[in-house]
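A look at the structure
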Amino acid sequence: PTRRSSDLAASNLELLGMEAQDSLQLASRLRLIIGGLLVAALVFGCAIAVLTTRAIVRSLAMLRDAAAAMASGDLTVHVEQKTQDELGQLFGAFGRMIAMFRETIGQTAGTAQSLASSSEELSAVSQQMGTNAQETSSQSGVVAAAAEQVSKSVQTVATGAEEMMASIKEIAKN
């Protein structure tokens, strides 16, 4: 029975050794698989980060270009909201700002045109008033000359009337 026990123990030890080797090989394979998965996840994460960054940078470059065009006076710039995320909302707000800016500039241009038209009308009225003032001044000069003439005539008549009165008094005394 001891031999059998020893054989059995040796057999168990051999089995345990093979199982330990299998476990070590399995652990080594699992480490390689986990390492590979970590590297793949890292590469995938970096690729996602690069693609996301490029998309954001492109979008911001489009907004920058639109703002630069507006700053140089180009009001035909158009941006549209394509997504509902924060960047898309920024595009939407920028598009509404451009539309409001166009509307404000249009209203300002209309007001300026109306103001220019009113200014021309005021200038014409002012010119007409100046012409009328000159004509009135000329006519008042004529009226003043006529009044002076009438005054001289009245003075002459008054002098003649005084002389006549003096003659009548002279005749009445005699």
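Keep in mind that what you see is a predicted model, and the values were worked out from it rather than measured.

Turning to the overall build of the protein, a few remarks are in order. Secondary structure assignment for the protein yields 2 helices and 0 strands. A compact globule built from 174 residues should have a C-alpha radius of gyration of about 16 Å, whereas the protein, at 57 Å, is more than 25% larger. The C-alpha extent of the protein, read off along each of the three principal axes, is 205 × 30 × 20 Å. Put simply, the protein has 174 residues, and 7% of those count as buried. For the protein, long-range pairs separated by at least 24 residues make up 56% of all intrachain contacts whose partners lie at least 6 apart in sequence.

Attention now goes to the pattern of salt bridges. If charged atoms from side chains of opposite charge come close, those side chains can pair. A complete count under the given rule lists 2 salt bridges for this structure. Two residues, Asp65 and Arg64, come together in a salt bridge whose shortest N-O distance is 3.1 Å. Under the relative-accessibility criterion, Arg64 is labelled exposed at 54%. Lys152 is the salt-bridge partner of Glu148, the closest N and O atoms lying 3.8 Å from each other. In this pair, Glu148 and Lys152 both sit in helix 2 (residues 86-173), 4 residues apart, roughly one turn of the helix. Residue Glu148 is classed as partly exposed on the basis of its relative accessible area, which comes to 48%.

Judged by nonpolar contacts, Leu63, Ala66, Ala69, Met70, Val77, Val79, Phe91, Phe94 and Ile98 together constitute the single largest core of 9 residues. For this core, the element with the highest residue contribution is helix 1 (residues 2-71), accounting for 4 residues. Among residues more than four places away in sequence, those in contact with Ala66 are Val77, Val79 and Phe94.

A few words on the side chain of Ser59. Mapped onto the elements of the fold, Ser59 is located in helix 1. If sequence neighbours within four positions are ignored, Ser59 has contacts with Leu87 and Phe91.

Bringing a nonpolar patch on the surface into the picture now. Taken together, Leu26, Leu30, Ile33, Ile34, Leu37 and Leu38 make up a surface patch of nonpolar side chains, about 610 Å² in accessible area. Relative to the helices and strands, Leu26 is located in helix 1.

We now examine the environment of Gln134. In this fold, Gln134 is placed in helix 2. Taking the C-alpha atoms as reference points, Gln134 and Arg29, 105 residues apart in sequence, are found 113 Å from one another.

The next thing to look at is helix 2. For helix 2, built from 88 residues, the straight-helix expectation of 130 Å at 1.5 Å per residue is met to within 8% by its first-to-last C-alpha distance of 124 Å. Along helix 2, the residues that are buried comprise Gly88, Phe91, Gly92, Phe94 and Ile98.

Calculation rules
- Residues numbered from 1 in each chain as written.
- Predicted model: local features only at pLDDT ≥ 70, side-chain atom pairs only at ≥ 80, totals over all residues.
- Heavy atoms only, no water.
- Helix = DSSP H or I, 4+ residues; strand = E, 2+ residues; numbered from the N terminus.
- Rg over C-alpha atoms; globule rule 2.2 N^0.38 Å.
- Buried < 20%, exposed > 50% of the residue type's maximum accessible area, 1.4 Å probe, protein only.
- Contact = heavy atoms within 4.5 Å.
- Salt bridge = Lys/Arg side-chain N within 4 Å of Asp/Glu carboxyl O.
- Core = buried A, V, L, I, M, F, W, Y, C linked by side-chain atoms within 4.5 Å.
- Patch = residues over 30% accessible without salt bridge, like charges linked within 9 Å, V, L, I, M, F, W, Y side chains within 5 Å.
- Areas by Shrake-Rupley, 256 points an atom, 1.4 Å probe, with all protein chains shown as cover.
- Expected span 1.5 Å × (residues − 1).

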